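Chain by chain, the residues:
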Amino acid sequence: MGIFLIRNNLTNRVFVGSGLDLHGIINRHKFDLTSGSHRNKQLQSDWNELGGNHFAFEIVDELAAREGAKVDYRAELNSLEQLWLEKLQPFGERGYNEPPLTRAERLQRIAMKEKH
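Scoring rules and cut-offs
- Residues numbered from 1 in each chain as written.
- Predicted model: local features only at pLDDT ≥ 70, side-chain atom pairs only at ≥ 80, totals over all residues.
- Heavy atoms only, no water.
- Buried < 20%, exposed > 50% of the residue type's maximum accessible area, 1.4 Å probe, protein only.
- Helix = DSSP H or I, 4+ residues; strand = E, 2+ residues; numbered from the N terminus.
- Arc of directions from axis to C-beta.
- Contact = heavy atoms within 4.5 Å.
- Polar contact = N/O pair within 3.5 Å; in protein donor to acceptor, adjacent residues only side chain to side chain.
- Expected span 1.5 Å × (residues − 1).
- Phe/Tyr/Trp six-rings, centres within 6.5 Å; stacked < 30°, edge-to-face > 60°.
- Lys NZ or Arg CZ within 6 Å of the ring centre and 35° of its normal.
- Salt bridge = Lys/Arg side-chain N within 4 Å of Asp/Glu carboxyl O.

Participant: Is there a simple way to think about helix H2 (residues 41-50) in this case?
Facilitator: For an α-helix, 3.6 residues make a turn, and residues three or four places apart therefore share a direction. Buried within H2 we find Leu 43, Gln 44, Asp 46 and Trp 47. Buried residues along H2 cover an arc of 165° about the axis, so they all sit on one side. Turned more than 90 degrees away from the buried face of H2 sit Lys 41, Asn 48 and Glu 49, all of them exposed. Contact partners of the buried residues in H2: strand E1 (2-8), strand E2 (14-19), helix H1 (22-35) and strand E3 (55-62). Its side-chain oxygen at 3.3 Å from the backbone nitrogen of Gln 42, Asn 40 defines the N-terminal cap of H2. Just downstream of H2, Gly 51 is the residue with a positive phi angle, here 95°.

Below you can see the structure in the form of structure tokens.
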């Protein structure tokens, strides 16, 4: 489990992601991109335009399972992913991730959910 990047080798833009099964999640992203069904439309568009041979999949950080400890690995992965997002800032021209919501945007989403 850990953090991975999908790197556009021509522009150096990156997509940061995480997964409990790194090889499985990377394979899923490769499949989605190859089949044209990746949910990140900009990444999919660049993949289609430039070709998959111009992208690299990199594992940048791994978490090891700890014996005997009751650990919330999803929460740990989320925190680790946030650190990588802060470090790389893969938003806009630098990457394919969505920028984090502001406090006001998060509160607005909560309010909208409560209305429904």
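Participant: How do you make sense of helix H4 (residues 103-115) when you look at a structure like this?
Facilitator: Along its 13 residues, H4 runs 19 Å from first to last C-alpha, staying within 8% of the 18 Å computed at 1.5 Å per residue. In terms of burial, H4 is largely open, as just 0 of its 13 residues are buried.

Participant: Got a minute to help me understand the packing of aromatic side chains in this structure?
Facilitator: Centre-to-centre distance and the angle between the planes together describe a pair of aromatic rings. Under the defined criterion, the tally for this structure stands at 3 aromatic pairs. With a centroid separation of 5.2 Å and 40° between ring planes, the pair formed by Trp 47 and Phe 55 is classed as tilted. Trp 47 gets classed as buried once you look at its relative accessible area, which sits at 11%. An angle of 70° between the planes, with centres 6.3 Å apart, marks the rings of Trp 47 and Phe 57 as edge-to-face. Placement of Trp 47 in helix H2 and of Phe 57 in strand E3 is noted, with a sequence separation of 10 residues between them. According to the relative accessible area criterion, Phe 57 is partly exposed, its value standing at 22%. Joined through ring pairs, the aromatic side chains of Trp 47, Phe 55 and Phe 57 make up one cluster. Across from the ring centre of Tyr 96, 4.3 Å away, lies the NZ or CZ of Arg 13, which sits over that ring.

Participant: Which parts of the structure should I look at to understand the pattern of salt bridges?
Facilitator: For side chains of opposite charge, pairing can occur when their charged atoms come near one another. As enumerated under the stated definition, the model contains 4 salt bridges in all. Of the charged contacts in the structure, one is a salt bridge between Arg 13 and Asp 46, with a shortest N-O distance of 3.6 Å. Within this pair, whereas Arg 13 is found in the loop between E1 and E2, its partner Asp 46 is found in helix H2, the two being separated by 33 residues in sequence. In this pair, the class of Arg 13 matches that of Asp 46, namely buried.

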